[in-house]
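Observations on chain architecture
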Amino acid sequence: MMARMAEELGRAGKVLLAAHRDPDGDALGATLGLMHLLQAQGKEVFAHSAGPVPAEYEFMPGLDRLSPAMPAPDWPDLAVLLDCHDPERAGAAAADFLPRTRRIAVVDHHLGRADFGQAVWVEPDYAATCEMLGFMAGEAGWAIGPEAATCLFVGVQTDTGRFSYSNARPRTYRLGAELVELGADPWAISQQAYSSSLARLKIMGRVFAGLKLVAGERVALAKVAQADLAELGAVSSDLDRVVEELRAIRGVEVALLIKELKGGGVKVSLRSRGRVDVGSLAIGLGGGGHKNAAGVRLESGMDEAEARLAGLLARGLGEKA
Ligand code: AMP
Ligand code: MN
Ligand code: MN
């Protein structure tokens, strides 16, 4: 499928790129990385993101090209959905636009069935969408300039927890090295992508202060209300890496962070280590992800979400113990 995707992209002259809303390093890296790769081949690219872009990614080359809008419906020869495989995940504008485009390609590494698009390359075996694009560009012999290399490096680095999660394989490190040779500067990138702020550290402090261990201390659970964010001047993406800290607690097998959403409902981030498959759990609740990292939006309040998930996890851990 990798070669077929390269061909598919090679055939198109005007390409729309979109990844999931609330973008992370991989969503932005894939959108901007592919934009640079296609532009180097003389193609016209419209790069869409529903946003918001976290402050630490504002340095990414080409970021000023990202648009929250959409081109005219008949403009793209091909629309490419990246780092997700459900148009709803890409936000309202994309969910409305994509089904009306001529042809859709999907490049993603999340679990689950992709029943959307004509050219679909979804392989959960890859650590990052940027990893897929990096290999594809290499195999196809595409020119990879320093800007594309930087964007792809950000996606691989952030989706592998700086090359430390179980999804990082020998080929992942090799690609990292190649991207550095092509002009990605790991120190310069890390200074930005892992930068912080006072508000971020304060909201993290508050989350850690309210943290609980449940289910025989095998589940770490924390909640964040909109009022906490507002009081400390923090934004939702300031919490993006908190759940990984919860999973790092010795003895903890599953970590849960429950964030209250502005418009009602909650976003739950799940992480596990070892055998617990939080990806399947999230898919069962209408979300998605990977075996050890997943997320879901629920229409309930924070306490209700906590009770539901803690119950599911206690049963899951009990059965497998
Ligand atoms: P997060 O907790 O938001 O960092 O997400 C962990 C993983 O699950 C990422 O790979 C996300 O792309 C995926 N994910 C998060 N939320 C959802 C959702 N609502 N639907 C599908 N996948 C999700
Ligand atoms: Mn992502
Ligand atoms: Mn990803």
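First, a word on what this report is: a plain description of the structure on this page.

About the cut-offs
Residues numbered from 1 in each chain as written. Chains lettered and ligands numbered in written order. Predicted model: local features only at pLDDT ≥ 70, side-chain atom pairs only at ≥ 80, totals over all residues. Heavy atoms only, no water. Helix = DSSP H or I, 4+ residues; strand = E, 2+ residues; numbered from the N terminus. Buried < 20%, exposed > 50% of the residue type's maximum accessible area, 1.4 Å probe, protein only. Polar contact = N/O pair within 3.5 Å; in protein donor to acceptor, adjacent residues only side chain to side chain. Contact = heavy atoms within 4.5 Å. Disulfide = S-S within 2.5 Å. Donors = N, O, S within 2.8 Å, 3.2 Å for Na, K, Ca; no water. Near = heavy atom within 4 Å. Areas by Shrake-Rupley, 256 points an atom, 1.4 Å probe, with all protein chains shown as cover. Nonpolar A, V, L, I, M, F, W, Y, C, P; charged D, E, K, R; others polar. Salt bridge = Lys/Arg side-chain N within 4 Å of Asp/Glu carboxyl O.

**Some details on the side chain of glutamate 306**
- With respect to the element layout, glutamate 306 can be found in helix α12 (residues 302-320).
- With relative accessibility at 12%, the residue glutamate 306 sits in the buried group.
- Engagement of the side chain of glutamate 306 in a polar contact is seen with the side chain of lysine 212, the distance being 2.7 Å.
- Setting aside residues up to four positions removed in sequence, glutamate 306 forms contacts with Lys212, Leu221, Lys223 and Ile258.

**Here we look at the state of the cysteines**
- With the rule as written, the count across this model stands at 0 disulfides.
- For cysteine 84, which is in no disulfide, the shortest distance to another cysteine sulfur is to cysteine 130 and amounts to 13 Å.
- Its relative accessible area of 3% is what places cysteine 84 among the buried residues.
- The thiol of cysteine 151 is not disulfide-bonded; the next cysteine sulfur, from cysteine 130, is found 7.8 Å away.

**Here we look at the coordination of the manganese ion (ligand 3)**
- Protein ligation of the manganese ion (ligand 3) involves Asp26 (OD), Asp83 (OD), His109 (NE2) and Asp159 (OD), the donor distances falling in the range 2.1 to 2.3 Å.
- A residue is classified by how much of its surface remains accessible, and aspartate 83, at 1% relative accessible area, is buried.

**Considerations on the site of ligand 1**
- As a matter of local geometry, ligand 1 sits amid 14 residues, with His110, Lys267, Ser269, Arg271 and Gly288 nearest to it.
- One nitrogen or oxygen atom from the side chain of lysine 267 is found 2.5 Å from an oxygen atom belonging to ligand 1.
- Protein coverage of the free-state accessible area of ligand 1, which is 480 Å², stands at 82%.
- Top contributing element to the shell around ligand 1 by residue count: strand β11 (residues 293-298), with 5 residues.
- When the residues that make up the shell around ligand 1 are grouped by side-chain class, the tally is 3 nonpolar, 7 polar and 4 charged.

**With respect to the pattern of salt bridges**
- Tallied over the full model, the rule gives 20 salt bridges.
- We note a salt bridge from glutamate 131 to arginine 171, for which the minimum N-O separation is 3.8 Å. Here glutamate 131 is found in helix α4 (residues 129-140), whereas its partner arginine 171 is found in helix α6 (residues 170-181), with 40 residues between them in sequence.
- What makes glutamate 131 buried here is its relative accessible area of 1%.
- For the salt bridge of arginine 206 with glutamate 231, the shortest nitrogen-to-oxygen distance reads 3.0 Å. Of the two residues, arginine 206 is situated in helix α8 (residues 198-209) and glutamate 231 in helix α9 (residues 226-232); the sequence distance between them amounts to 25 residues.
- The partly exposed category is assigned to arginine 206, whose relative accessible area is 31%.

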